[in-house]
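# Geometric and topological summary
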Amino acid sequence: MRYNNRMRLDRILANSGYGTRTEIKELIRKGKVTVNETVIKDPGHHVSETDVIRIGDQGTELKDKVYLLLDKPDNMLTACEDKRLPTVFELVPDNYRTKKISPVGRLDYHTTGLLILTNDGELSHRLTSPRYRIPKVYRVTYEGEPFTEEHIAKLSKGITLNEKSGPVKLAPCEMSLTDSNICELTLYEGKTHEVRRIISHFERTVKELRRIRLGNIELKEEKTGAVRELTPDEISGLYKLCGL
Ligand code: URA
């Protein structure tokens, strides 16, 4: 197997469905795993892109895990395919497309910014489940009176949206005021259109919405539409946050 990121041997094998971390550690300690044809008995041994891992005497092809970061442009669906509209998948280089990756959560058609794509189902589930309270930070440019400390206080207690279908209680979240008509919202759950619903609850309108952070992952100098692999440190940071 060729692996894309430097990672612990036991983690890669566990992620690839060869057993639990405990079972894998046992397998490694028994000398059943080779890296570049050398038996490795340390489960914490780090492997990188060029290393070839084999279990027992099978020349096993492992299902690589892929973790991509994309700076989503405006006017694009967070989807793998659509008959009419352009999708973020069109930005993904061909060599990743066969790896069954899908977006972690959704950004609206007009929301830009940080989107992770992966084929690591458990990580994806935990990053989006409200149970794990992974912070998602959005920069919002809005129209209307500037927000005040009063709004911040209300949000920190958790507001209730009065919607046609009935009241919807939101988890407490944080707002910081960065500029007049620009704020940052940190949410810990992922209700549909949550940011837009909060802004409209306060009778303001979203002009631009951009996700700038998810857990420990931040957008840096990425160009809109650019795709890159997460670094090993970024991946282990996400694992830690999700309790994996
Ligand atoms: N909240 C929204 O309203 N839209 C998004 O795209 C993400 C969060």
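If you're wondering where the values come from, they're calculated on a predicted model, not measured in any experiment.

Right, let's talk about the domain arrangement of the protein for a bit. Taken domain by domain, the protein consists of domain 1 (7-59) and domain 2 (67-242). Here the C-alpha centroids of domain 1 and domain 2 sit 35 Å apart.

The subject of this paragraph is the site of the ligand. The immediate surroundings of the ligand are formed by Leu 107, Asp 108, Thr 111, Tyr 138, His 193, Glu 194, Val 195, Arg 196 and Leu 209. Within the contact set of the ligand, an oxygen atom lies 3.2 Å away from a backbone nitrogen or oxygen of His 193. Note that a nitrogen atom of the ligand is positioned 3.2 Å from one of the backbone N or O atoms of Val 195. The element best represented in the shell around the ligand is helix α6 (residues 194-201), accounting for three residues. When grouped by side-chain class, the residues that make up the shell around the ligand number four nonpolar, two polar and three charged.

Our focus in this paragraph is the nonpolar core. Side chains of nonpolar character tend, in soluble globular proteins, to be buried together. In this structure, Val 140, Leu 185 and Ile 198 are the most contacted members of the largest nonpolar core, which totals 33 residues. Looking at this core, the elements that each hand over two or more residues are β6 (67-72), β8 (112-118), β9 (136-143), α5 (149-157), β13 (182-187), α6 and β14 (205-214). Leaving out residues up to four positions away in the same chain, Val 140 has contacts with Asn 181, Ile 182, Cys 183, Leu 185, Val 195, Ile 199, Val 206, Glu 208 and Leu 209. Counting 29 residues, the second-largest nonpolar core is a separate cluster that includes Met 7, Leu 219, Leu 230 and Leu 238.

A large share of β13 lies buried, amounting to five of its six residues. The pairing of β9 with β13 spans six bridges and is antiparallel. Counted as the bridge partner of Thr 141 is Ile 182 from β13. In this structure, strand β12 (residues 174-179) lies alongside β13, joined through five bridges in antiparallel fashion. What sits directly across from Glu 174, in β13, is Thr 186. Taking the residues between adjacent antiparallel strands as the criterion, β12 and β13 are bridged by two residues, where Asn 181 takes a positive phi near 70 degrees.

Rules used in this analysis
In this convention, every chain numbers its residues from 1, walking through the sequence in written order. Since the coordinates come from a predicted model, pLDDT governs what is reported: local features require at least 70, and pairs of side-chain atoms require 80 or more to be given and counted, while whole-chain, interface and lining totals use all residues. Side-chain numbers come from the whole structure's heavy atoms, not from hydrogens or water. The source of the domain bounds is an automatic or database domain assignment. Near residues are defined by distance, with any heavy atom within 4 Å of the molecule or strand qualifying the residue. Pairs of N or O atoms within 3.5 Å make up the polar contacts considered here, provided that, within protein, one atom can donate a hydrogen while the other can accept it, and that residues adjacent in sequence are counted only when both atoms are side-chain atoms. We count a stretch as a helix when DSSP gives it H or I for four or more residues in a row; a strand needs E for two or more, and each element gets its number in order from the N terminus. Here the nonpolar group is Ala, Val, Leu, Ile, Met, Phe, Trp, Tyr, Cys and Pro; Asp, Glu, Lys and Arg are the charged ones; every other residue, Gly included, is treated as polar. Grouping buried Ala, Val, Leu, Ile, Met, Phe, Trp, Tyr and Cys residues that are joined through side-chain atoms within 4.5 Å yields what is termed a nonpolar core. Burial classes: relative accessible area under 20% of the type maximum marks a residue as buried, over 50% as exposed, and values in between as partly exposed (1.4 Å probe, protein chains only). For this analysis, residues touch if any pair of their heavy atoms sits within 4.5 Å. DSSP bridges decide pairing: two strands pair if at least two such bridges lie between them.

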